[in-house]
Amino acid sequence: MADTALTAPPRSPLVQVAGRLAAATRTSGGAVRLAELPFLAQLNVRLDAKGTAAEAVGLALDLQLPLQPNTVVRAGELTVLWLGPDEWLLVGPPGSERELENRIRAAAGDEHVSVTDVSAQRTTLLVAGPRAHDLLAHGCALDLHPRSFGSGRCAQTTLGRTQVIVVARADSRAGFWVLVRSSFAGYLTDWLLDAATEYV
């Protein structure tokens, strides 16, 4: 039987535009910082928020699953986004997908839990700098000013006509994560680079 295992290293959906992102960051004079954060582990987790599995999974991950709509909980290298009353997105360091899934399943025991590895479905763009929220405001209807969308907030929305998840990072200087489907990542990057010309 032929060996069908992948031997080539994974390839980021934005590997060909990394130079353009870096150039836009340099020429903005620090106003905006654009970069891809490739290969972050992303697990979609569904379970009963009021059941015993939710607390057990939180203990296993050393964090509490956020229960308030559009909120984020961080602990160490892990970030959990509230996506719905029984749905979360767990984001971790590259390569940690299997280990995190095993921890969740072991913690849930016999309780019903759904864990889906969606790491290859999306990539993550970092949009930071003092003009980051102005840049995103060009194509996003949300008020992303820190007073309305500060640390600990996330939202599923559209940016430049593309469905994304926007995450406010730990403080306003850290900017935002923009999680976008890999198939739309090139288009959204072109949109961001075009919008960023205002700051170069």
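Every value quoted in this text rests on a predicted model; they were computed, and no experiment measured them.

### Comments concerning the pairing of strand β2 (residues 41-47)
Successive residues of a regular strand alternate their side chains across the two faces of the sheet.
Consideration 1: Within β2, 6 of the 7 residues are buried, leaving the element largely enclosed by the surrounding structure.
Consideration 2: Bridging between β2 and strand β6 (residues 113-117) involves 5 bridges; their strand directions are antiparallel. Opposite Asn 44, over in β6, you have Thr 116 as the bridge partner.

### Considering the environment of Tyr 187
Consideration 1: With respect to the helices and strands, Tyr 187 occurs in helix α5 (residues 182-195).
Consideration 2: On a C-alpha basis, the gap between Tyr 187 and Ala 155 in space is 20 Å, while along the polypeptide they are 32 residues apart.
Consideration 3: If we skip the residues at most four places from it in the chain, Tyr 187 touches Gly 160, Arg 161 and Thr 162.

### Considerations on the packing of helix α2 (residues 52-61) against helix α3 (residues 97-108)
Consideration 1: Where α2 contacts α3, the two axes come as close as 8 Å, and the packing angle between them is 140°. Classified by the angle between their axes, α2 and α3 sit oblique to one another. Of the two elements, α2 crosses α3, and the hand of that crossing is right-handed. On α3, the residues that touch Ala 53, Ala 56, Val 57, Ala 60 and Leu 61 of α2 are Leu 100, Arg 103, Ile 104, Ala 107 and Ala 108.
Consideration 2: Classifying every residue of the contact of α2 with α3 gives 9 nonpolar, no polar and 1 charged.

### Side note on the sheet that holds strand β7 (residues 122-128)
Consideration 1: Strand order in the open sheet formed by 5 strands is β1-β7-β10-β9-β8, with antiparallel pairing between adjacent strands. A single partner strand is all that each edge strand has here, and the edge strands are β1 (33-37) and β8 (154-159). Taking the axes of each pair of neighbouring strands and ignoring which way they run, one obtains an average angle of 30° across the sheet.
Consideration 2: Bridge count for β1 against β7 is 5 bridges, and the pairing is antiparallel. Each bridged residue has a counterpart across the sheet, and for Ala 35 the counterpart in β7 is Leu 126.
Consideration 3: Against the sheet, helix α1 (residues 18-27) makes contact with β1 and β7, and its axis sits at roughly 155° relative to β1, the strand it touches most.
Consideration 4: Packing of α5 onto the sheet brings it into contact with β1, β7, β8, β9 (162-168) and β10 (176-181), and relative to β10 it is tilted by some 135°.

Parameters at a glance
- Residues numbered from 1 in each chain as written.
- Predicted model: local features only at pLDDT ≥ 70, side-chain atom pairs only at ≥ 80, totals over all residues.
- Heavy atoms only, no water.
- Buried < 20%, exposed > 50% of the residue type's maximum accessible area, 1.4 Å probe, protein only.
- Helix = DSSP H or I, 4+ residues; strand = E, 2+ residues; numbered from the N terminus.
- Pairing = 2+ DSSP bridges.
- Contact = heavy atoms within 4.5 Å.
- Axes fitted to C-alpha atoms, helices over the stretch in contact; angles between N-to-C directions.
- Parallel < 35°, antiparallel > 145°, perpendicular 65-115°, else oblique.
- Left-handed = near helix turned anticlockwise from the far one by under 90°.
- Nonpolar A, V, L, I, M, F, W, Y, C, P; charged D, E, K, R; others polar.

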